[in-house]
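# Structure assessment
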Amino acid sequence: MESFSRLYEQTYADMVWLAYSVVWQWEWAEDIAQESYAVVCRKLVHLKRPERFMGWLAAICRHRAVDALRSRQVKTVSLEQAVEQTSPERVSGDGELVRDAVARLPQMYREVVVLFYFHGMSYQQLQQVLGVSQHTVKGRLARARKKLGSLLESESHE
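The structure presented is a predicted model; accordingly, all values stated were derived computationally and were not measured. (Residues numbered from 1 in each chain as written. Predicted model: local features only at pLDDT ≥ 70, side-chain atom pairs only at ≥ 80, totals over all residues. Heavy atoms only, no water.)

Turning our attention to the overall build of the protein chain. Of the regular secondary structure elements, the protein chain holds eight helices and zero strands. Counting from the amino terminus, the protein chain carries its helices and strands in the arrangement α-α-α-α-α-α-α-α. Long-range contacts, defined as pairs at least 24 residues apart, comprise 64% of the intrachain contacts of the protein chain with a sequence gap of at least 6. Accessible area of the protein chain: about 9,300 Å², with a carbon and sulfur share of 50%. (Helix = DSSP H or I, 4+ residues; strand = E, 2+ residues; numbered from the N terminus. Contact = heavy atoms within 4.5 Å. Areas by Shrake-Rupley, 256 points an atom, 1.4 Å probe, with all protein chains shown as cover.)

Okay, structure coming up:
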């Protein structure tokens, strides 16, 4: 139990940010992360390869977040509410414009952008959390940046 407690402390913030990148609402992300740990705690005996704990936990958290969206347990949040839920030091000036563009990205790109730029995860951490190769992480980030550029470009012409 002590080991699980340490794992929780080391990975909780990552799981909240992962859930947030899907549901785009901070309080629900925290709830989803908590629920994910409850599931993991009950099913920990089924984990055959402990070195894959982070990927397993992340997969459970992502699935719970996607399921919450599908079942509409997560209420739609306006951009203003999403900005208010983010710490003030992360949003300023054109930050709202950027967050609006990020919110309009497809989930797989929004997820990688939020985790990389907002939460500061490394390529290696993203690889573990998302369960994909570093090559895939880099590709998604490149495509996300390109899509963000297009979205921001179109916003500046309106």
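Having seen it, we continue.
What follows deals with the packing of helix H1 (residues 2–23) against helix H6 (residues 107–118). At a minimum axis separation of 8 Å, H1 and H6 run at an interaxial angle of 140 degrees. Of the possible angle classes, the one that applies to H1 and H6 is oblique. Relative to H6, H1 is oriented so that their crossing is right-handed. Along its contact with H1, which presents Asp14, Trp17, Leu18, Tyr20, Ser21 and Val22, the element H6 presents Gln107, Arg110, Glu111, Val114, Leu115 and Phe118. Residue composition of the contact of H1 with H6, by class: seven nonpolar, two polar and three charged. (Axes fitted to C-alpha atoms, helices over the stretch in contact; angles between N-to-C directions. Parallel < 35°, antiparallel > 145°, perpendicular 65-115°, else oblique. Left-handed = near helix turned anticlockwise from the far one by under 90°. Nonpolar A, V, L, I, M, F, W, Y, C, P; charged D, E, K, R; others polar.)

The next thing to look at is the pattern of salt bridges. Inspection of every chain in the model, using the stated rule, returns four salt bridges. Salt-bridge contacts for Arg49 lead to Glu51; the nearest nitrogen and oxygen are separated by 2.9 Å. We classify Glu51 as exposed; its relative accessible area is 54%. Put simply, Glu111 and Arg62 hold a salt bridge, and the shortest N to O gap is 2.9 Å. Residue Glu111 is located in helix H6, and its partner Arg62 is located in helix H3 (residues 53–70); the two are separated by 49 residues in the primary sequence. Assessed through its relative accessible area of 22%, Arg62 is described here as partly exposed. (Salt bridge = Lys/Arg side-chain N within 4 Å of Asp/Glu carboxyl O. Buried < 20%, exposed > 50% of the residue type's maximum accessible area, 1.4 Å probe, protein only.)

All right, on to H1 then. For H1, which comprises 22 residues, the first-to-last C-alpha distance of 30 Å matches the rise-based estimate of 32 Å (1.5 Å per residue) to within 8%. Helix geometry: H1 is bent most strongly at Thr11, by close to 50 degrees. By the burial criterion, the buried members of H1 are Phe4, Thr11, Asp14, Met15, Val16, Trp17, Leu18, Ala19, Tyr20, Ser21, Val22 and Val23. With its phi angle positive at about 65 degrees, Trp24 sits one or two positions after the end of H1. (Expected span 1.5 Å × (residues − 1). Bend = angle between axes of the 7 residues up to and from the residue.)

What follows is about H6. Listed in full, the buried residues belonging to H6 are Tyr109, Arg110, Glu111, Val112, Val113, Val114, Leu115 and Phe118. In the stretch just after H6, Gly120 is the one whose phi turns positive, near 75 degrees.

Okay, the packing of H1 against helix H2 (residues 26–43) next. The contact between H1 and H2 brings their axes to 8 Å, and the two run at 135 degrees. Taken together, H1 and H2 sit at an angle that is classed as oblique. The handedness of the crossing between H1 and H2 is right-handed. Side by side, H1 and H2 meet where Phe4, Tyr8, Thr11, Tyr12, Met15, Val16, Trp17, Ala19, Tyr20 and Val23 of the first sit next to Trp26, Trp28, Ala29, Glu30, Ile32, Ala33, Gln34, Tyr37, Val40 and Cys41 of the second. In the contact of H1 with H2, the residues fall into 17 nonpolar, two polar and one charged.

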